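# Descriptive analysis of the structure
Chain by chain, the residues run as shown.
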Amino acid sequence: MARHNSRPFLTRHLTTRTQGAFLISILLAIAALTHTALAQEPSPPVTQSVPTLKEWWRADNMGYGVDGMTWIDNFYNGKGALVVGTPKGVQTWQLRYPWDTVNIFTWTGGSGNLKTGDFNGDGVTDYIDQKGNVYKGSRNGLPELTTIRVGFPSSEGLSPFFVGDFNRDGKSDVFHFSSLNGSSYERIGIIYFGNSIMQAFEQTIIERLPPFDTGWSGFDCYIKHSGEIVLMSRIGKEKKREDGYKMYVLTAERNGTQVDARASSELIIPTEYNKIVTKGISAILERDGKQYLIAAELINGIDDYGANNLVVYNLTNDKFEKLSTTRMDGISTITALNHSIDGDSVKDWFVQRTSSATSEYFDVFSGRMDVPLEQPKRITGCQSSQLQTINNGKVFMVIGVGYYDPITRRYKGCFSINEYDTLTTVYEDDEVDAGSLRVQVIPNPASGSQIRAEIVVKQRIECGIEVYNSNGERVWQEK
């Protein structure tokens with residue numbers, strides 16, 4: 001007989017690895033209060049893809065990621081490697097198996113945030129880190145690198161910085177924003193042109209542009225196939241009823257160092273007096289020859305810095321075309337990933353969001369920009385953690401951050417390498433009497449995936465869950 005009480009929801013879960021076509025049979029011994037007859041034919045179940053992370057290996061409180069981290073393809077005998085800051089310096093790991101932290105190269109510049117280029121035009125990949133240290137390559141696919149001191153500003157580094165062949169001479173150049181007269185709010189652009197002699201980068205200061213109103217680090221840029229640099233500046237006029245974005249296009253003379261700068265277009269966002277809309281947190285993605293600006297914008301101005309919209313603009317032809325606006329609070333970072341985690345070969349991107357004083361979310365979105373934003377894949381990290389994707393034959397996600405605790409005099413932080421996985425989840429909301437409720441798995445066959453069944457009822461029940469294959473054989477049972 002039924003034992004009715006007022007206990008809260010009871011949830012039963014089934015998670016099992018399966019292959020083939022399956023049927024989930026939910027055997028209910030006690031009925032819900034609202035039904036007295038046998039169960040009616042259930043309506044089609046609601047399914048959705050539930051993202052999960054399967055931990056590959058974890059190493060907390062070891063300081064890994066303390067000076068950043070970057071995945072580099074084709075670094076060692078055709079294989080990729082993870083550059084990661086550690087208490088023993090910035091090391092390079094192959095990650096062929098869990099805990100494979102054998103160091104194959106130490107980056108003496110002290111930064112694990114790197115970009116690649118060919119700065120002397122010899123056809124061999126070179127590297128530059130966020131502190132302005134250049135590493136000259138001798139052979140592709142081998143870590144035979146020589147550290148070159150170029151004389152970039154070491155006090156502020158090169159954050160943010162961009163690499164491309166701006167004057168189309170076959171050598172990579174570096175563009176970055178530099179403080180104007182020591183101001184943290186006004187910056188100018190500087191291009192360092194590559195040279196066959198690595199130590200002889202030629203510097204060109206972009207003087208024709210007005211100082212950039214940075215506010216809160218509101219810089220972005222993308223490089224066109226022609227080599228032109230399109231700069232994104234915030235308007236941010238606090239004393240007026242407007243805000244928005246402005247584009248500048250920088251064109252360098254072929255094989256030279258002279259740069260022509262011109263204003264291209266702007267987007268004015270009307271606002272209340274002394275209110276700011278642009279938050280200065282953004283990313284520019286290139287997909288199928290088109291550029292997209294993904295930006296965090298304030299809803300209530302700086303009076304409520306955490307109330308945000310995530311806005312996507314199409315920048316094709318250097319124009320602003322708003323594609324979507326999504327409410328998304330607490331945005332702290334928007335970044336493109338190195339790889340696709342959903343298997344469609346298009347690199348995905350993520351929004352980092354602060355959820356509390358001790359943790360953060362990573363909402364990962366599909367890299368396809370020709371479709372509306374879909375429900376993100378949410379991943380939880382630790383406070384101020386970084387997210388990187390690696391590909392050592394399979395795509396993994398690295399979540400972590402390291403720091404030095406002066407009180408305990410130890411390195412701390414979280415660090416984990418995870419495999420992205422998906423559960424096929426089936427929801428059935430019908431209330432039924434004693435008997436049997438059968439739910440079809442969708443998609444079916446569920447080859448190579450996991451199946452998760454969730455039963456939520458409003459009273460105490462006795463139930464069992466069984467999984468049958470297409471031959472009618474029971475392959476799993478829970479009582």
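Residues numbered from 1 in each chain as written. Predicted model: local features only at pLDDT ≥ 70, side-chain atom pairs only at ≥ 80, totals over all residues. Heavy atoms only, no water.

## Thoughts on the overall build of the chain
Of regular secondary structure, the chain possesses zero helices and 34 strands. Counting every position in the chain, which comprises 479 residues, the buried fraction comes to 48%. (Helix = DSSP H or I, 4+ residues; strand = E, 2+ residues; numbered from the N terminus. Buried < 20%, exposed > 50% of the residue type's maximum accessible area, 1.4 Å probe, protein only.)

## Observations concerning the pattern of salt bridges
Within this structure, the stated rule accounts for 14 salt bridges. Through salt bridges with shared partners, a single network forms among K54, K394 and E419. (Salt bridge = Lys/Arg side-chain N within 4 Å of Asp/Glu carboxyl O.)

## Focus: the sheet that holds strand 21 (residues 290–298)
With antiparallel pairing, four strands are arranged side by side in an open sheet as 20-21-22-23. Looking along the sheet, the strands with just one partner apiece sit at the ends: strand 20 (278–287) and strand 23 (321–327). Taking each pair of neighbouring strands and ignoring which way they run, the sheet shows an average axis angle of 20°. As judged from the six bridges shared by strand 22 (residues 308–314) and strand 23, these two strands associate in the antiparallel manner. Bridge pairing in strand 23 links N309 to R327. (Pairing = 2+ DSSP bridges. Axes fitted to C-alpha atoms, helices over the stretch in contact; angles between N-to-C directions.)

## A short note on the pairing of strand 6 (residues 89–93)
Among the five residues that make up strand 6, four are buried, leaving the element largely enclosed by the rest of the structure. Bridge count for strand 5 (residues 79–86) against strand 6 is five bridges, and the pairing is antiparallel. Residue pairing for strand 6: V83 is matched across the bridge by T92. Counted along the chain from strand 5 to the antiparallel partner strand 6, the turn is two residues long.

## Quick word on the side chain of N418
Looking at the element boundaries, N418 is found in strand 30 (residues 410–427). When its relative accessible area of 5% is taken as the criterion, N418 is described as buried. There is a polar contact of 3.1 Å between the side chain of N418 and the side chain of S416. Setting aside residues up to four positions removed in sequence, N418 forms contacts with L53, K54, E55, W56, F396, M397 and I399. (Polar contact = N/O pair within 3.5 Å; in protein donor to acceptor, adjacent residues only side chain to side chain. Contact = heavy atoms within 4.5 Å.)

## A word on the sheet that holds strand 4 (residues 69–76)
Whether parallel or antiparallel, the strands of a sheet pair through hydrogen bonds between backbone atoms. As summarised here, the arrangement of the three strands in space is 4-5-6, forming an open sheet in which the pairing is antiparallel. The open sheet has two free edges, formed respectively by strand 4 and strand 6, since each of these has just one partner strand. Averaged over all pairs of adjacent strands, the angle between strand axes in this sheet comes to 30°, irrespective of strand direction.

## Overview of the side chain of S265
Structurally, S265 is set in strand 19 (residues 259–270). For S265, a relative accessible area of 12% translates into the label buried. At a separation of 2.7 Å, a polar atom in the side chain of S265 contacts the main-chain carbonyl oxygen of D318. Excluding its chain neighbours within four sequence positions, the residues that come into contact with S265 are Y245, K246, M247, D318, K319 and F320.

## Some thoughts on the environment of S345
Relative to the helices and strands, S345 resides in the loop between strand 24 (331–336) and strand 25 (349–354). Using a relative accessible area of 70% as the deciding quantity, one classes S345 as exposed. Distance from S345 to R368, taken between C-alpha atoms, is 9.8 Å for residues 23 residues apart in sequence.

## Things to note about the packing of aromatic side chains
All chains considered together, the criterion is met by 21 aromatic pairs. Between W107 and Y135, the aromatic rings sit 4.8 Å apart at their centres with planes inclined by 80°, giving edge-to-face as the arrangement. One end of the pair, W107, is in the loop between strand 6 and strand 7 (114–117); the other, Y135, is in strand 9 (residues 134–137), with 28 residues separating them in the sequence. Judged by relative accessible area, which is 0%, Y135 ranks as buried. Taken together, W57, Y64, W93, W99 and F415 form an aromatic cluster joined through their ring pairs. One cation-aromatic arrangement involves K115 over F161; the distance from NZ or CZ to the ring centre is 4.8 Å. Positioned over the ring face of Y361 is R378, at 4.1 Å from the centre of the ring. (Phe/Tyr/Trp six-rings, centres within 6.5 Å; stacked < 30°, edge-to-face > 60°. Lys NZ or Arg CZ within 6 Å of the ring centre and 35° of its normal.)

## A look at the confidence of the model for the chain
Across the chain, pLDDT averages 75, with 68% of residues at or above 70. Across residues 423–438, where pLDDT falls below 50, the model places 74 contacts with residues more than four positions away in sequence or in other chains. (pLDDT = per-residue confidence, 0-100.)

## Let's talk about the environment of F362
Summarising the element assignment, F362 is placed in strand 26 (residues 359–365). The sequence separation of F362 and T380 amounts to 18 residues, and the corresponding C-alpha distance is 6.1 Å. Discounting chain neighbours no more than four positions away, the residues touching F362 are F350, V351, Q352, K377, R378, I379, G381, S385, Q386, L387 and I399.

## A short note on the environment of Y222
Inspection of the secondary structure assignment puts Y222 in strand 16 (residues 219–223). In contact with Y222, not counting residues within four places along its chain, are E228, I229, V230, I284, Q291, L315 and D318. Among the polar contacts made by the side chain of Y222, one reaches the side chain of D318 at a distance of 2.7 Å.

## Digging into unusual backbone geometry
At N74, a residue that is not glycine, the phi angle is positive and equals roughly 50°. With respect to the helices, strands and loops of the structure, N74 is situated in strand 4. The phi angle at R409 is positive, at roughly 60°, despite the residue not being glycine. Among the secondary structure elements, R409 is positioned in the loop between strand 29 (395–405) and strand 30.

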